[in-house]
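Below, each chain spelled out in residue letters.
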Amino acid sequence: TGSYPPKSLSAFQRYTALVGQETAHVQAEYLPDQQKNYYQVTWEPDPGPSTQWMGTESEFVALYKAAWNGVHSTDPNAAVMGPTTTGITLCSDWLNRLAPLGFTKYLDAVSCHGYYTISASSAKPPEPANLPGQMQALRRSITNLLPPGTRLFITETGISYPSGST
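The rules behind each value
Residues numbered from 1 in each chain as written. Predicted model: local features only at pLDDT ≥ 70, side-chain atom pairs only at ≥ 80, totals over all residues. Heavy atoms only, no water. Helix = DSSP H or I, 4+ residues; strand = E, 2+ residues; numbered from the N terminus. Expected span 1.5 Å × (residues − 1). Buried < 20%, exposed > 50% of the residue type's maximum accessible area, 1.4 Å probe, protein only. Arc of directions from axis to C-beta. Contact = heavy atoms within 4.5 Å. Axes fitted to C-alpha atoms, helices over the stretch in contact; angles between N-to-C directions. Left-handed = near helix turned anticlockwise from the far one by under 90°. Nonpolar A, V, L, I, M, F, W, Y, C, P; charged D, E, K, R; others polar. Pairing = 2+ DSSP bridges. Parallel < 35°, antiparallel > 145°, perpendicular 65-115°, else oblique. Phe/Tyr/Trp six-rings, centres within 6.5 Å; stacked < 30°, edge-to-face > 60°. Lys NZ or Arg CZ within 6 Å of the ring centre and 35° of its normal.

What follows covers helix α1 (residues 9–30). Taking 1.5 Å of rise per residue, the 22 residues of α1 would be expected to cover 32 Å, and the 31 Å separating its terminal C-alpha atoms lies within 8% of that figure. Buried within α1 are the following residues: T16, A17, G20, A24 and Q27. The buried residues of α1 all sit within an arc of 110° when viewed along its axis, so they share a single face. Turned more than 90 degrees away from the buried face of α1, the exposed residues are R14, Y15, L18 and Y30. Packed against the buried residues of α1 are β1 (37–40) and α2 (57–74).

What follows concerns the packing of α1 against α2. Running from N to C, α1 and α2 point in directions that differ by 40°, and their axes come no closer than 7 Å. Seen along the crossing, α1 lies across α2 with a hand that is right-handed. Side by side, α1 and α2 meet where L9, F12, Q13, T16, A17, G20, Q21 and A24 of the first sit next to A62, L63, A66, A67, N69, G70, V71, S73 and T74 of the second. In the contact of α1 with α2, the residues fall into nine nonpolar, eight polar and no charged.

The subject of this paragraph is the sheet that holds strand β2 (residues 78–83). Strand order across the open sheet formed by four strands is β1-β2-β3-β4, with parallel pairing between neighbours. Each edge of the open sheet carries a strand with a single partner, namely β1 and β4 (151–156). With direction set aside, neighbouring strand axes in the sheet form an average angle of 30°. Relative to β2, β1 runs parallel, the two sharing four bridges. Of the residues in β2, the one forming a bridge with N37 is A78. Taken strand by strand, helix α3 (residues 88–98) contacts β2 and β3 (109–113), and its axis lies near 140° from that of β3. Strands in contact with helix α4 (residues 131–145) are β3 and β4; relative to β4, the strand with the most contacts, it is inclined by about 135°.

What follows deals with the environment of S160. By secondary structure assignment, the location of S160 is in the segment after β4. S160 gets classed as partly exposed once you look at its relative accessible area, which sits at 29%.

Running from amino to carboxyl end, α3 crosses α4 at an angle of 20°, the nearest separation of the two axes being 9 Å. Between α3 and α4, the angle is such that the two are roughly parallel. Along this stretch, α3 crosses α4, giving a crossing that reads as left-handed. The residues of α4 that touch α3, namely those facing I88, T89, C91, S92, L95 and N96, are L131, Q134, M135, A137, L138, S141, I142 and L145. Class assignment for the residues of the contact of α3 with α4 results in nine nonpolar, five polar and no charged.

On to the packing of aromatic side chains. Counted according to the given criterion, the structure contains seven aromatic pairs. Between the aromatic rings of Y64 and F103, the centroid separation amounts to 4.9 Å while the plane-to-plane angle is 85°, which identifies the pairing as edge-to-face. Remark: F103 occurs in the loop between α3 and β3 and Y64 occurs in helix α2; sequence separation between them is 39 residues. A cation sits over an aromatic face here: R97 above W94, 4.5 Å from the ring centre.

Structure below.
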């Protein structure tokens, strides 16, 4: 299991160009008022889940470059987003770590999962887990590394409180 880099980045780029072309056609036909078509390239690439990235960091950036070039070549309303990590802090970590490799050049938006703690327990509510501080750090990373106005999408989330608490 795991997410491996494509064997051919040029084939992947051609594929994403086809995806962009079809998406642009669907948007024009059925959703003419929609401003952007968002493309989420990866899903939970962090070490641990079955979707973890199995390539190098440079290959990860190359994957986004190919996807960005592909969809932008055929969809004038394309917006590539990622890295869609399992948590807020991890999202900041990926952005900060990969920005020097050029990763942020291939992001039109940031997507993350909004989990503030990686735990099945509901015993740690968001306040003691520092959810506000984690979000502020993520917004700082986005502000420092990406163009003004870059949007943040939390594509999956969950907040728990201990049973019986009010």
